[in-house]
Structures are given as structure tokens and as C-alpha cells.
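This is what each chain is made of:
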Amino acid sequence: MSRVTPDQLREMKTRGERIAMLTAYDYPTAQILDAAGLHILLVGDSMGMVVLGHPTTLPVTLDDIIRHTQAVVRGTEHALIVGDLPFGSFQVSTEETMRAAVRIMKEAAPQAVKLEGGRRVAASVRALTEAGIPVMGHVGLTPQSVNVTGGFKVQGKTERAARLLLDDVAALEDAGAFAVVLELVPAELARLVTERTSIPTIGIGAGPYCDGEVQVVHDIMGLFPDFTPRHTRRFAELGTAMREAAQAYVTEVRERTFPGAAQSAKMSAEVIAALRAEDAQAAASDASSQEESPVDGQAEGQADGYAPPKPIRK
Ligand code: KIV
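Keep in mind that what you see is a predicted model, and the values were worked out from it rather than measured.

**Points about the site of the ligand**
Argument step 1. The immediate surroundings of the ligand are formed by Thr23, Leu42, Gly44, Asp45, Ser46, Asp84, His138, Val181, Glu183, Ile204, Val214 and Val216.
Argument step 2. Of the residues contributing to the shell around the ligand, the split by class is five nonpolar, four polar and three charged.

**Observations concerning the domain arrangement of the protein**
Interfaces are often sized by the accessible area lost when the parts come together.
Argument step 1. The domain boundaries assigned to the protein delineate domain 1 (6–236) and domain 2 (237–280).
Argument step 2. Counting residues at the interface gives six residues for domain 1 and four residues for domain 2.
Argument step 3. Of the residues contributing to the side of domain 1 that touches domain 2, the split by class is four nonpolar, one polar and one charged.

**Focus on the nonpolar core**
Soluble globular proteins tend to pack their nonpolar side chains together in the buried interior.
Argument step 1. Counting residues in hydrophobic clusters, the biggest one holds 68 residues, and the most contacted among them are Leu41, Val113, Val135, Ala177 and Val180.
Argument step 2. Setting aside residues up to four positions removed in sequence, leucine 41 forms contacts with Leu22, Ala24, Ala30, Leu33, Val72, Thr76, Ala79 and Ile81.

**Concerning the pairing of strand 6 (residues 179–183)**
Argument step 1. Taken across its five residues, strand 6 has five buried, putting it largely inside the fold.
Argument step 2. Side chains of strand 6 alternate between two faces, with Ala179, Val181 and Glu183 and Val180 and Leu182 buried alike.
Argument step 3. Sheet topology places strand 6 next to strand 7 (residues 201–204); four bridges connect them, and they run parallel. Along strand 7, the bridge assignment pairs valine 180 with threonine 201.

The rules behind the values
Residues numbered from 1 in each chain as written. Predicted model: local features only at pLDDT ≥ 70, side-chain atom pairs only at ≥ 80, totals over all residues. Near = placed C-beta within 6 Å. Nonpolar A, V, L, I, M, F, W, Y, C, P; charged D, E, K, R; others polar. Domains from an automatic or database assignment. Contact = placed C-beta atoms within 7 Å. Core = buried A, V, L, I, M, F, W, Y, C linked by C-beta atoms within 7 Å. Buried ≥ 20, exposed ≤ 12 C-beta atoms within 10 Å, placed from the backbone. Helix = DSSP H or I, 4+ residues; strand = E, 2+ residues; numbered from the N terminus. Pairing = 2+ DSSP bridges.

Printed below as a string of C-alpha cells:
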């Protein structure tokens, strides 16, 4: 089956078909999500928080994104894979942005990259798309700027902020972005953006009127215990299921009910009998040498009474 393309996403917008996108960071999760029919998988820098345990996305490196994107690409056949440009990889210049995006495309082979920002990054978006790299934009709350926004807060609430956001999306569309993430913006503003732009809008905390929705997979699967953002919903409690499974494992290991016969390999009775005969012989010769030693536990060279453990035969 061939992969979803940017053109198909645009056609979905035209037809009013919703686009389903999630994050993914590893091979088995990517396999499961691909089989479930996700249109887009984002190897997001949110991995910094939900996978690596940092308080923000800022520490994520280009190498992190490349390594995890490789795994997600290997695990998928259908979804369009997007590699996120991490903090520091595109802020300095268009040249550095190009170098970072080229590394992701060459070393991990996703179908697109994403970067945060609107007008500020439009020149870079244009350079990437002209170089043949499809780009997804990201406006509203841009978590890499959390130190400027002062937290994970809804953006675009005032008329001025809303107008700037509309300008940002227009600049990204004009620069050639094939889609744009709208993060934490009021639902009615997201609706207006979606009506005004020809490229698909993908919301997260942006209400129900975008062309598609993206969520962090750990949030919807109940795999991130630190906090649950208001804009998400748990579709499963995998964290609870994993804890219960791990507790059952601990119990079975302790009680010697796991592993059992089904998880064990057999060998010929003659071979094991021959090996056990050696042990029996060694034990018999140990016993006879102890009978000859003068003080129990004080064999030659063990004046302090310390007896080294006998070798265990496996
Ligand atoms: O990194 C990420 O997961 C994201 C999504 C929240 C859109 O940018």
C-alpha cells in the first residue's frame, strides 16, 4: 500500500474528510498506529517530555529526531511520516534549517518535516519546499517558545493576536507549507483559519472545526502519568494495564509459576543424566576430602575458617 501524500491530504480537506494524526516515536507503536489507519504520524519533539522525561521539549536534539524517525519509518507503510525540527536546528538561519532538514530526510527518510513559527520562518519554509522537502507549519502555542509564552497557554485570544495568527498561516501557505498545526487556539479562531486557508489545518487544543486532529499518543493512551492536558482524552489506560501486567509478572517470578514448561526448552535425558553424574561424583570426592581435614571449615590455606563457595554447575 502506498503512503498518504500531501496532495491526498489537500483533497481530503476539499472533500471535508477529517485527517487523523498522532505522534509516534518507536517501531512497535508506529506499526500499531499505521495498521489502525492513521493518515499522518509525527515524530514530534514532544518525545522530550513523554519519552525522555524532560520538563520541556527544548533539550531534544536533531540526532534524537533522526534516530526515532528511522524507527517510525521502518514500522510503517501507509502513514505520511513527519520529522520535527527540534529547538536550535532552525532558529539560526535558513542555511542551518536546510542542513537540519536535509539530514532528517537523508538519514531517516520521512515524507516531510515540521517546524514551529509563522512569518518568522516563512523564508526557510520557502527554501525547503523549493528544495523538494514538504513542510508542515505549526502556529498558536509553539512549545519551543515556552519561555516566552510563559507556559502552555491558549494563544490568539485578543483581536491583535488573532490577526497575527491569521497572517502567520497565510505566510506559511504562501511559502509552500502543505499543512499547518494549530495548537491551543480558540475553536472559533481555528474555524476561521480553516475557512481562509487552502491548506489542511490540524488542530490540537483547537476545537472541532479544523481539517484534522493531532494528539500526543502517550496522552490518549494513558501512558503519561505526570499530567493530562485539558485538550486531550484518554482513549485507553495503557499505563494502568502495564502496571498491572508488571505486578502480575513480579508475582509469578517470585512464586515460580513463570516461566513454566511452555516457555522452557527440552534436552535429551541422557545428556542431562551424564552431567548430573559428574556433579554426584564431585560431591562424593568433596565429602571424602573433608573427612580427612583436621578442623571443619579450616582446610589448607583457609586458616580464618572462610570457605569459598563451591562452583555451581549449569
Ligand atoms: O512535538 C509534538 O508532538 C507536536 C504536536 C503537539 C503537534 O508538535
